[in-house]
Amino acid sequence: QHYFIQSNLRAMTGIPADGPCDPNLWLTRKTGFYESAMFGDITQASWKNVVDCVAVKSDHIDPVLLETAYRTLIYNQPMFRTDVRAGEDGCVYFTPATDFSDVFEFVDQSEEKGTEQGYTGCWELAEQLVNTPFPFAVGKPLHKCYLVKRPDCYVILNRFNHGIGDGITGNRVIHETFTQYDRLLSGGKPELNPEPLLPSDREMCAGVKDEEILARIVRGKTELAENKTTLFPPDMGEIMRSRVGNSFRSRILHAMGSQEGCGKVRVMCKEQGITVGCYGAAVLLHAMTAVYIKRKGGVFPAEGIPTLYPTVIANLRTRLDKDPGDCFMVFMGLLELVETIGRGTTLLATAKKFHAQQQMWFDEKRLIMVAGNEEYFRDVPALPIGDVAEFPTSNRGVFKYPVKYSWGEITSIHTLVADVVPGLTNQIVFYNCVNGALNYTVLCCDGENNVADAKEVFDLFVDVMENLDRIGADSTVMDVVAHLR
């Protein structure tokens with residue numbers, strides 16, 4: 001089928017399918033700050049993967065045309081035509097991929113029996129794929145698209161290594177593939193328009209430097225390293241035991257919100273002058289604390305709650321003076337926040353505090369300085385695995401592209417990520433707004449106790465986000481504890 005698709009594309013365009021002839025449109029630069037962090041040791045296969053699980057209500061999706069659409073995206077996007085290699089200087093470099101024979105697969109599950117509907121029917125496969133490593137330096141691109149035909153819908157599973165893209169990238173993959181498919185289905189030709197190469201995040205962030213602000217960032221990171229308290233440390237022994245004879249590095253739980261629940265939160269946030277992301281981070285921190293209090297007997301501790309240092313994953317692109325747009329790359333940073341939750345601290349009070357702290361990070365260009373001045377942070381004490389971070393949020397925001405086409409409609413998009421736990425964080429919560437509803441996932445370490453900890457916090461987080469009428473923004477952490485009971 002691969003060669004048929006190649007011939008099909010050549011017949012329609014007269015241009016080879018894998019990529020443009022101009023070598024200057026293929027990546028060969030050194031990897032950037034966050035790219036290097038995601039790739040890690042390239043002498044080993046990488047489990048740091050992303051899978052976007054996209055459910056589509058459609059009577060029929062043509063596998064041949066969808067593969068052609070996906071190969072058109074590959075042709076246009078340099079990041080999707082690359083492998084990586086080790087340089088003589090010890091650094092990691094991008095290098096052109098040469099083998100595109102395994103970038104698309106059609107999976108027919110239309111006869112499968114069971115009660116699971118929509119995206120949930122494909123969840124087992126999605127978890128398997130995100131926990132399947134990509135090999136490096138073998139000439140293959142670091143991504144693959146799966147079209148799954150289910151009894152009640154279609155599910156597209158877009159899988160890629162986190163070193164070549166982030167959540168913004170994932171949204172564009174969905175949009176561009178579906179746009180090309182729509183064009184082909186209407187009798188048109190693929191739109192072959194290769195994007196130019198971009199410098200690395202390190203290069204784009206270089207030159208933004210303020211010694212005083214950098215010193216404050218270093219002090220903040222040092223304070224965090226010296227004072228960090230973890231409410232739900234992972235059971236490391238359980239993680240090791242779970243990996244014996246098991247390829248899974250991570251487990252991912254999921255939930256589906258409603259248009260009504262999301263709509264109420266968005267209206268409230270607009271009225272209060274805060275973002276949904278800041279409110280979500282506040283709700284998650286209070287959910288963590290409520291579960292912690294419940295497990296301590298349900299009474300607010302006399303010694304109080306330790307100061308907590310939550311993190312929020314943010315998009316760096318829009319923080320640059322020259323915004324590169326929704327480019328294909330991993331281009332994100334970690335906002336480090338701080339909060340001490342008291343007996344009377346409300347969700348809204350925490351959200352407003354986070355909003356102010358986030359704005360300071362943006363105004364002072366802190367995210368840009370961290371990526372462009374890494375030498376300043378080499379002496380910051382490193383936190384041991386299990387203490388780095390817990391339950392950071394990654395709010396991809398609203399899926400801003402079309403969800404309805406003549407041939408079908410996107411009904412949900414859930415994000416799965418693997419193997420950033422427990423190294424970069426202990427757990428992480430993702431949520432996307434699609435069709436006016438929030439689609440939630442939580443990534444956690446494998447093992448019965450680790451999954452149970454994540455599930456209790458995650459379920460409470462979703463419950464609070466979806467039921468503003470019952471658990472309002474003026475609720476305290478003890479109100480949340482009472483709801484948990």
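Criteria and cut-off values
Residues numbered from 1 in each chain as written. Predicted model: local features only at pLDDT ≥ 70, side-chain atom pairs only at ≥ 80, totals over all residues. Heavy atoms only, no water. 1 Å grid on protein atoms, 1.4 Å probe; cavity = no way out; pocket = protein on both sides within 12 Å on 5 of 7 lines; lining within 4 Å. Points joined across faces, edges and corners; volume = space filled by probe spheres on them. Nonpolar A, V, L, I, M, F, W, Y, C, P; charged D, E, K, R; others polar. Helix = DSSP H or I, 4+ residues; strand = E, 2+ residues; numbered from the N terminus. Expected span 1.5 Å × (residues − 1). Buried < 20%, exposed > 50% of the residue type's maximum accessible area, 1.4 Å probe, protein only. Arc of directions from axis to C-beta. Contact = heavy atoms within 4.5 Å. Pairing = 2+ DSSP bridges. Core = buried A, V, L, I, M, F, W, Y, C linked by side-chain atoms within 4.5 Å. Axes fitted to C-alpha atoms, helices over the stretch in contact; angles between N-to-C directions. Parallel < 35°, antiparallel > 145°, perpendicular 65-115°, else oblique. Left-handed = near helix turned anticlockwise from the far one by under 90°. Phe/Tyr/Trp six-rings, centres within 6.5 Å; stacked < 30°, edge-to-face > 60°. Lys NZ or Arg CZ within 6 Å of the ring centre and 35° of its normal.

Enquirer: Go over empty space enclosed by the protein, please, and point to the residues and values.
Expert: Enumeration according to the criterion identifies four cavities of 30 Å³ or more in this entry. Approximately 110 Å³ is the volume attributed to the largest cavity. Taken together, L27, R29, Q77, P78, M79, E195, P196, L197, L198, C327, F328 and M329 make up the lining of the largest cavity. Residues of the lining of the largest cavity, tallied by class, amount to nine nonpolar, one polar and two charged.

Enquirer: Residues and numbers for helix 7 (residues 211-227), please.
Expert: Look at helix 7: 24 Å from first C-alpha to last across 17 residues, which is about the 24 Å you get at 1.5 Å a residue. Listed as buried for helix 7 are I213, L214, I217, K221, L224 and A225. Projection of helix 7 onto a plane perpendicular to its axis shows the buried side chains occupying an angular sector of 115°, all on one side. Opposite the buried face of helix 7, by more than 90 degrees, sit the exposed residues E212, R219 and E226. Where helix 7 is buried, its residues touch strand 9 (332-336) and helix 12 (366-372).

Enquirer: Go over helix 4 (residues 123-130), please, and point to the residues and values.
Expert: Most of helix 4 is tucked away, with six of its eight residues classed as buried. The set of residues buried in helix 4 consists of W123, L125, A126, E127, L129 and V130. Buried residues along helix 4 sit against strand 1 (49-57), strand 5 (143-149), strand 6 (154-161), strand 7 (250-256), strand 12 (408-417) and strand 14 (437-445).

Enquirer: For the pairing of strand 3 (residues 92-96), give the residues involved together with the corresponding values.
Expert: Across the five residues of strand 3, four count as buried, placing the element largely inside the fold. Relative to strand 3, strand 2 (residues 82-86) is paired through five bridges, and the arrangement is antiparallel. The residue bridging D83 from the neighbouring strand is T95, located in strand 3. Hairpin connection between strand 2 and strand 3: a loop of five residues separates the two successive antiparallel strands, and G90 in this loop has a positive phi of roughly 90°.

Enquirer: I'd like to hear about the nonpolar core, residue by residue, with values.
Expert: In terms of nonpolar packing, the biggest core is built from 154 residues, with L157, F178, Y279, I410 and F461 touching the most fellow members. The leading source of residues in this core is helix 10 (residues 276-295), at 13 residues. Residues in contact with L157, not counting those within four places in the same chain, are V51, D52, C53, C122, L125, A126, L129, K144, C145, Y146 and V148.

Enquirer: Go over the packing of helix 3 (residues 63-76) against helix 5 (residues 167-185) with me, naming the residues and quoting the values.
Expert: Angle between the axes and distance between the axes: these two values describe a pair of packed helices. Two numbers describe how helix 3 lies on helix 5: the axes approach to 8 Å, and their chain directions differ by 125°. Classified by the interaxial angle, the pair formed by helix 3 and helix 5 is oblique. Remark: the crossing between helix 3 and helix 5 carries right-handed chirality. Across the interface between the two elements, L65, L66, T68, A69, Y70, T72, L73 and N76 from helix 3 touch R172, V173, E176, T177, F178, Q180, Y181, L184 and L185 from helix 5. In terms of residue class, the contact of helix 3 with helix 5 is built from 10 nonpolar, five polar and two charged.

Enquirer: Could you give an account of the layout of surface pockets, with specific residues and numbers?
Expert: Approximately 250 Å³ is the volume attributed to the second largest pocket. Around the second largest pocket, the lining is made up of 15 residues, and of these G220, K221, E336, V338 and R366 lie nearest the centre. Of all the secondary-structure elements, those providing two or more residues to the lining of the second largest pocket are helix 7 and helix 11 (347-363). It is helix 7 that contributes the most residues to the lining of the second largest pocket, seven residues altogether. Of the residues assigned to the lining of the second largest pocket, the class counts are seven nonpolar, two polar and six charged.

Enquirer: Provide a residue-level description of the packing of aromatic side chains, including the pertinent values.
Expert: Scanning the entire structure with this criterion turns up 16 aromatic pairs. Considering the side-chain rings of F178 and W407, the 5.3 Å spacing of their centres and the 85° angle between planes classify their relative orientation as edge-to-face. Of this pair, F178 sits in helix 5 while W407 sits in the loop between strand 11 (404-405) and strand 12; the two residues are 229 residues apart in sequence, bridging distant segments of the chain. The exposure classification of F178 matches that of W407, with both residues buried. Clustering of aromatic rings is evident, with ring pairs tying together F178, Y181, Y405 and W407. The ring of F377 has K221 lying over it, and the distance from NZ or CZ to the ring centre is 5.8 Å.

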